[in-house]
Each structure stands twice: as C-alpha cells, then as structure tokens.
Amino acid sequence: MERQPSAGSPGGRQACRRLPYHKLVDADEEFMREALRLACMGASAGEVPVGAVAVGRGEILARAYNAPISRNDPTAHAEILALRQTAERIGNYRLEGVTLYCTLEPCAMCAGALVAARIERLVFGSRDLRFGAVRSKFQLADSELLNHRVAIVEGVLAPECVELLREFFETKRRPC
Ligand SMILES: [Zn+2]
C-alpha cells in the first residue's frame, strides 16, 4: 500500500508545521518503528499485536500495546492506553498538538477517543477492514459532523504492520 494522506483529510502533512515534509516522513517512520516494537511486545504477551506511541514536540510521551486480555479490560486497546498515559503526563485531558502513531487503523471506540482528546494527527500503518473506524468501516476521526477533525496519514510501514498481524493469526505463535 502506498503511503498517502487520506482523501478528505484537511492535510496530514500540512497540519504539522514544525518540520519540513522530508523530515516529517523520517520522523513518522521512526515513531512507527517504535509502535511496531510495542506491538511485538503485545504479541509476546499473547495479545493481538497492536502498538501505539504518542508524540508531542518530537518527544515520545507514551508507549502502549494492546492489552485487553491481560488486563481483563475490553477498553484496553493500545490507543486508549496511550491517550491515558499522555493525558496524565501532561496534566490535561485535551491532547492538542499530539500525534498518535498506531500500527493498525483504530476501531470505533478509539477513533471516538481521538476526537474527544483533540489529537492533532493520527498516523497508522495498515487498515483494519473488519473494525477500522477511521477509513474502512466509518470515517469518525475527521468527520464534518463532529467538533474536531484529526489529520490522518495512513500506510506508514504498512507492509511490516500487516505482516506482524498475519503471522500472529496464521501461526498463533509469537512472531517476534
Ligand atoms: Zn480500538
């Protein structure tokens, strides 16, 4: 899958004015690699391998992987855990200026949380054709019907993100 700003987005690249385009591309891949590393940790813990990293001003504010099974918590998706950590760290329930990197397209719960948190940018790896609520099933995160629109970039390191999930579900073994 080609990486590209999603149609309908107010402009994933233009929305972040802190870095020139080529630097932003490098940074997106760097932070997505960290999200992939976290996804691998999730797989090792027996969770569906999805990782998330929250970044503000070029600094990682939170790292999380999917953990609903180990936490007995249906809301413990990587994105939710990363949002909670970030809010606690910065002492604000609104995460303005924050970019969330996620290896997989967020579900409806997480997409709603991104809007509630006023996340500036979402960068995700592969689409989730079954549950994805940012592009695949719904377009919640940049809907004109809501009060906040997240800038969305998809496809960053998508082959790696897809392969990790494929191996996990095909083998049911630890892929990392
Ligand atoms: Zn989710």
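Rules used throughout
Residues numbered from 1 in each chain as written. Predicted model: local features only at pLDDT ≥ 70, side-chain atom pairs only at ≥ 80, totals over all residues. Heavy atoms only, no water. Helix = DSSP H or I, 4+ residues; strand = E, 2+ residues; numbered from the N terminus. Buried < 20%, exposed > 50% of the residue type's maximum accessible area, 1.4 Å probe, protein only. Salt bridge = Lys/Arg side-chain N within 4 Å of Asp/Glu carboxyl O. Core = buried A, V, L, I, M, F, W, Y, C linked by side-chain atoms within 4.5 Å. Contact = heavy atoms within 4.5 Å. Lys, Arg positive; Asp, Glu negative; His and termini not counted. Polar contact = N/O pair within 3.5 Å; in protein donor to acceptor, adjacent residues only side chain to side chain. 1 Å grid on protein atoms, 1.4 Å probe; cavity = no way out; pocket = protein on both sides within 12 Å on 5 of 7 lines; lining within 4 Å. Points joined across faces, edges and corners; volume = space filled by probe spheres on them. Nonpolar A, V, L, I, M, F, W, Y, C, P; charged D, E, K, R; others polar. Pairing = 2+ DSSP bridges. Phe/Tyr/Trp six-rings, centres within 6.5 Å; stacked < 30°, edge-to-face > 60°. Expected span 1.5 Å × (residues − 1).

### Quick look at unusual backbone geometry
Turning to step 1, where the next piece is worked out: One non-glycine residue, arginine 57, lies in the positive phi region at around 50°.
Turning to step 2, where the next piece is worked out: Position of arginine 57 relative to the elements: it lies in the loop between strand E2 (51-56) and strand E3 (59-65).
Turning to step 3, where the next piece is worked out: Unlike most non-glycine residues, asparagine 72 shows phi in positive territory, near 50°.
Turning to step 4, where the next piece is worked out: Classification of asparagine 72 as exposed rests on a relative accessible area of 72%.

### Regarding the pattern of salt bridges
Turning to step 1, where the next piece is worked out: Per the stated rule, a full pass over the model turns up 9 salt bridges.
Turning to step 2, where the next piece is worked out: Here glutamate 160 and arginine 33 are joined by a salt bridge, their closest N and O atoms 4.0 Å apart. One end of the pair, glutamate 160, is in helix H5 (residues 158-171); the other, arginine 33, is in helix H1 (residues 21-44), and 127 residues separate them in sequence.
Turning to step 3, where the next piece is worked out: Residue classification places glutamate 160 among the partly exposed positions, given a relative accessible area of 32%.

### Some words on the nonpolar core
Turning to step 1, where the next piece is worked out: The biggest cluster of nonpolar side chains holds 34 residues, and the ones touching the most others in it are Leu83, Leu114, Ile119, Leu122, Val134 and Val150.
Turning to step 2, where the next piece is worked out: Going through the elements one at a time, E2, E3, helix H3 (78-90), strand E4 (98-104), helix H4 (108-116) and strand E5 (121-126) are the ones with two or more residues in this core.
Turning to step 3, where the next piece is worked out: The contact partners of valine 134, leaving out residues within four places of it in the chain, are Glu105, Pro106, Ala111, Leu122, Phe124, Gln139, Leu140, Ala141 and Ile152.
Turning to step 4, where the next piece is worked out: Leu38, Val55, Ile60 and Val153 belong to the second-largest nonpolar core, a separate cluster that totals 17 residues.

### Here we look at the side chain of glutamate 47
Turning to step 1, where the next piece is worked out: Turning to its location among the elements, glutamate 47 is positioned in the loop between H1 and E2.
Turning to step 2, where the next piece is worked out: Buried within the structure, glutamate 47 lacks any salt-bridge partner; arginine 71 is the closest side chain of opposite charge, at an N-O distance of 7.2 Å.
Turning to step 3, where the next piece is worked out: Looking at glutamate 47, its side chain comes within polar contact range of the main-chain nitrogen of serine 70, at 2.7 Å.
Turning to step 4, where the next piece is worked out: Ignoring any residue separated from it by four or fewer positions in sequence, one finds glutamate 47 in contact with Gly42, Asn66, Ala67, Pro68, Ile69, Ser70 and Phe168.

### Considering the layout of surface pockets
Turning to step 1, where the next piece is worked out: Empty space within the largest pocket amounts to approximately 530 Å³.
Turning to step 2, where the next piece is worked out: In terms of lining, the largest pocket is formed by 22 residues, of which the most central are Val48, Leu104, Asp128, Leu165 and Phe169.
Turning to step 3, where the next piece is worked out: When residues of the lining of the largest pocket are assigned to their parent elements, the largest contribution, 6 residues, is made by H5.
Turning to step 4, where the next piece is worked out: Classifying every residue of the lining of the largest pocket by side-chain character gives 13 nonpolar, 3 polar and 6 charged.

### Quick word on the pairing of strand E6 (residues 151-154)
Turning to step 1, where the next piece is worked out: Here E6 shows a buried face lined by Ala151 and Val153 and a second buried face lined by Ile152 and Glu154.
Turning to step 2, where the next piece is worked out: Judged from the 4 bridges that link them, E5 and E6 form a sheet pairing that is parallel. Looking at E6, one finds that valine 123 is bridged to valine 153.

### Some remarks on the packing of aromatic side chains
Turning to step 1, where the next piece is worked out: Inspection of the entire model under this criterion finds 2 aromatic pairs.
Turning to step 2, where the next piece is worked out: The interplanar angle of 45° and the centroid separation of 5.3 Å between the aromatic rings of phenylalanine 31 and tyrosine 101 together place this pair among those described as tilted. Note that phenylalanine 31 is positioned in helix H1 and tyrosine 101 in strand E4, a separation of 70 residues in sequence. Across the pair, exposure class does not vary: phenylalanine 31 and tyrosine 101 are buried alike.

### Remarks on H3
Turning to step 1, where the next piece is worked out: With 13 residues, H3 ought to run about 18 Å at 1.5 Å a step, and its terminal C-alpha atoms sit 18 Å apart, in line with that.
Turning to step 2, where the next piece is worked out: For H3, every residue scored as buried is listed here: Ala78, Glu79, Ile80, Leu81, Ala82, Leu83 and Thr86.
Turning to step 3, where the next piece is worked out: In the core, the buried residues of H3 are packed alongside E2, E3, helix H2 (68-71), E4 and H4.
Turning to step 4, where the next piece is worked out: Residue glycine 91 follows H3 closely and has a positive phi angle near 70°.

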